[in-house]
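# A look at the structure
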Amino acid sequence: MIEVKNLCKSFGDLQVLKGISETINDREVVCVIGPSGSGKSTFLNMLGALDRPNAGRLFVDGKNLFKMSEKELVEYKRSTVGFVWQNNARNLLPWLPAWQNVQTPMLFGSAKDRKKRAMELLELVGMEHKAHSRLSQLSGGEQQRIAIAIALANNPKLLLADEPTGSVDSKTAGYIFDVFRRLNRELGLTII
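For the structure given in this document, a descriptive report is provided here. Values in this document were obtained by computation on a predicted structure and should not be read as measured data.

What follows is about the pairing of strand β1 (residues 2–11). By the bridge criterion, 7 bridges tie β1 to strand β2 (residues 14–24) in an arrangement that is antiparallel. Each bridged residue has a counterpart across the sheet, and for Ile2 the counterpart in β2 is Ile24. Where β1 folds back on β2, the antiparallel hairpin that results is connected by 2 residues, among which Gly12 adopts a positive phi of roughly 65 degrees. With 5 bridges connecting them, β1 and strand β3 (residues 55–60) associate as antiparallel partners. Opposite Lys5, over in β3, you have Arg57 as the bridge partner.

What follows is the structure, encoded as structure tokens:
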């Protein structure tokens, strides 16, 4: 699914990633661990085509991210990758109920039965009972599970989760990791 070879990324004089190489198989679950500032988020942003590397090779699902045009990268972000962020504000629109939040990414595609699909995804992450709740009515863990459903809206092959349990308690973190294992098992997602 992912082939990274000698990947480098700098921001001015600050070299964040230096010669990273890794192969991640389809349907694999991988946890990237390191201290704050070690480049974990930068690495995920490059896999998700939110940032471009300075050097190296980066292939995801057979696509060479170095050679893709901006239009191709937009399509890649829409169809291949889903994101879950630590900060729920990046995932959720507070004025919409959960089911409308989940269907929002579908508005850019040709998905039929968007509401039905949104409800299925909420059920998949154990949040169907909160379908009509707004952000202010949800706990941090509930918001994060809805964010996971949003990330799945367009059937990605790769799910990138940047510190998805950083703002929840340990019990909720365990539940979120259980959701990831279930998604890997039932949907065949590659999860990082």
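We now examine the environment of Ile191. Mapped onto the elements, Ile191 comes out in strand β7 (residues 190–191). Ile191 sits 43 residues away from Ile148 along the chain, and the two C-alpha atoms are 12 Å apart. Not counting residues up to four positions away in its chain, the partners in contact with Ile191 are Glu28, Val29, Val30, Leu159, Phe180, Leu183 and Asn184.

In spatial order, the strands read β2-β1-β3-β4; together these 4 strands make up an open sheet with antiparallel pairing. Two strands close off the open sheet at either side, each with one partner strand: β2 and β4 (63–64). Set on the sheet, helix α1 (residues 40–47) makes contact with β1, β2 and β3; between it and β1 the angle comes to about 120 degrees.

Rules used throughout
Residues numbered from 1 in each chain as written. Predicted model: local features only at pLDDT ≥ 70, side-chain atom pairs only at ≥ 80, totals over all residues. Heavy atoms only, no water. Pairing = 2+ DSSP bridges. Helix = DSSP H or I, 4+ residues; strand = E, 2+ residues; numbered from the N terminus. Contact = heavy atoms within 4.5 Å. Axes fitted to C-alpha atoms, helices over the stretch in contact; angles between N-to-C directions.

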